[in-house]
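# What the coordinates show
What follows is the residue order along each chain.
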Amino acid sequence: MRNMLLRAVDAALFKRGVYSDVGNDYQAILHALGVVMIAGIAFGISLTGLEQTGSGGVDNERLANRLIGLWVTITTLLIGWIIWVMLCYLLGSKLMRGGAGYRQLLRAIGICYGPAILILLMGVPRVGDIAPFVGLVWILIAGVAATHELQELDWLSSSLATLPGWILSFWVLPVAFFGSFIS
């Protein structure tokens, strides 16, 4: 667990070596999966809330709705991660002749989800409006850095290979799958 968190912090700090290390470590898929799931939990908590019931009792229907919402957000982020990497692989490796394999990108981009923890600040006054956006853009920049490192492409090509999947993963899928939780 400690190694996973250290790798996520290194990826968030754009330490180039971590992307190659994770991309070439077959066992790091569990670290990448863990970081994506933590991001999904943060997203789910922000969307469904954690408020207490006033009477001290548990409202089973409300709890069930929150658990379903949490499950939907985690699942959506996992699906988005897979689709993001698939697009990045197809655009970067196949179209632009990059050098990374799908699984390498899956591990490296997954570890880039660490800044999603900023989504937990969604309800905080003053910072809650901007912090989630900053976290999502931070993930994009880390994803571009990972793609640049693994695909051995220039920065523009890396950005073009990374951006469409990120948009689909963090903007299109969330609205489609859990838009009802946002409103």
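Calculation rules
- Residues numbered from 1 in each chain as written.
- Predicted model: local features only at pLDDT ≥ 70, side-chain atom pairs only at ≥ 80, totals over all residues.
- Heavy atoms only, no water.
- Helix = DSSP H or I, 4+ residues; strand = E, 2+ residues; numbered from the N terminus.
- Rg over C-alpha atoms; globule rule 2.2 N^0.38 Å.
- Buried < 20%, exposed > 50% of the residue type's maximum accessible area, 1.4 Å probe, protein only.
- Contact = heavy atoms within 4.5 Å.
- Lys, Arg positive; Asp, Glu negative; His and termini not counted.
- Charge placed at Lys NZ, Arg CZ, Asp CG, Glu CD.
- Core = buried A, V, L, I, M, F, W, Y, C linked by side-chain atoms within 4.5 Å.
- pLDDT = per-residue confidence, 0-100.
- Phe/Tyr/Trp six-rings, centres within 6.5 Å; stacked < 30°, edge-to-face > 60°.
- Axes fitted to C-alpha atoms, helices over the stretch in contact; angles between N-to-C directions.
- Parallel < 35°, antiparallel > 145°, perpendicular 65-115°, else oblique.
- Left-handed = near helix turned anticlockwise from the far one by under 90°.
- Nonpolar A, V, L, I, M, F, W, Y, C, P; charged D, E, K, R; others polar.

What follows is about the overall build of the protein chain. A count of helices and strands for the protein chain gives seven helices and zero strands. Ordered by position from N to C terminus, the α and β elements of the protein chain give α-α-α-α-α-α-α. Taken over C-alpha atoms, the radius of gyration comes to 17 Å for the protein chain, in line with the 16 Å a tight globule of 183 residues would show. Projecting the C-alpha coordinates of the protein chain onto the three principal axes gives extents of approximately 60 × 35 × 30 Å. Scored against the burial criterion, the 183 residues of the protein chain give a buried share of 45%. Put simply, 74% of the contacts in the protein chain that link residues at least 6 apart link residues at least 24 apart. Positive and negative side-chain charges in the protein chain, numbering 11 and 10 respectively, have mean positions lying 4 Å apart.

Along helix α2 (residues 16–24), the residues classified as buried are Val18, Tyr19, Ser20, Val22 and Gly23. The secondary structure elements touched by the buried residues of α2 are α1 (2–12), α5 (102–110) and α6 (131–151).

We now examine unusual backbone geometry. A positive phi is found at phenylalanine 14, a non-glycine position, where the angle reads about 60°. What makes phenylalanine 14 partly exposed here is its relative accessible area of 33%. The backbone phi angle of arginine 97 is positive, close to 65°, even though this residue is not glycine. Positionally, arginine 97 belongs in the loop between α4 (60–95) and α5.

By size, the foremost hydrophobic cluster in this structure holds 39 residues, and its most contacted members are Tyr19, Trp81 and Tyr113. Every element with two or more residues in this core is listed here: α1, α2, α3 (29–48), α4, α5, α6 and α7 (155–182). Take this core: its biggest share by element is eight residues, from α6. Not counting the four nearest positions on each side in its chain, tryptophan 81 is found in contact with Ile29, Ala32, Leu33, Val36, Leu106, Ile109, Gly110, Tyr113 and Ser169.

This part is about the confidence of the model for the protein chain. Of all residues in the protein chain, 91% have pLDDT values of 70 or greater, and the mean over the chain is 89. Mean pLDDT across the secondary structure elements of the protein chain bottoms out at α7, with 86, and peaks at α5, with 96.

So, about the packing of aromatic side chains. Per the counting criterion, the structure on display carries six aromatic pairs. Each ring, one from tyrosine 89 and one from tyrosine 102, has its centre 6.1 Å from the other, and the planes form 85°; the classification is edge-to-face. In this pair, tyrosine 89 is assigned in helix α4 and tyrosine 102 in helix α5, connecting sequence segments 13 residues apart. Note on tyrosine 102: relative accessible area 25%, which makes it partly exposed.

Another aspect to go through is the environment of leucine 47. Checked against the element boundaries, leucine 47 lands in helix α3. Leucine 47 sits in the buried class, given a relative accessible area of 15%. Residues leucine 47 and glycine 69 lie 22 residues apart in sequence; the distance between their C-alpha atoms is 7.9 Å.

Turning our eyes to something else, we now look at the packing of α4 against α5. At a minimum axis separation of 9 Å, α4 and α5 run at an interaxial angle of 130°. Here α4 is positioned oblique relative to α5, judged by the angle of their axes. As for the relative orientation of α4 and α5, their crossing is right-handed in sense. Judged by residue contacts, Trp81, Ile82, Trp84, Val85, Met86, Cys88 and Tyr89 of α4 engage Tyr102, Leu105, Leu106, Ile109 and Gly110 from α5. Residue composition of the contact of α4 with α5, by class: eleven nonpolar, one polar and no charged.

Looking at the secondary structure, you find serine 20 in helix α2. Look at serine 20 and you get buried, because its relative accessible area is 19%. Not counting residues up to four positions away in its chain, the partners in contact with serine 20 are Glu149 and Leu150.

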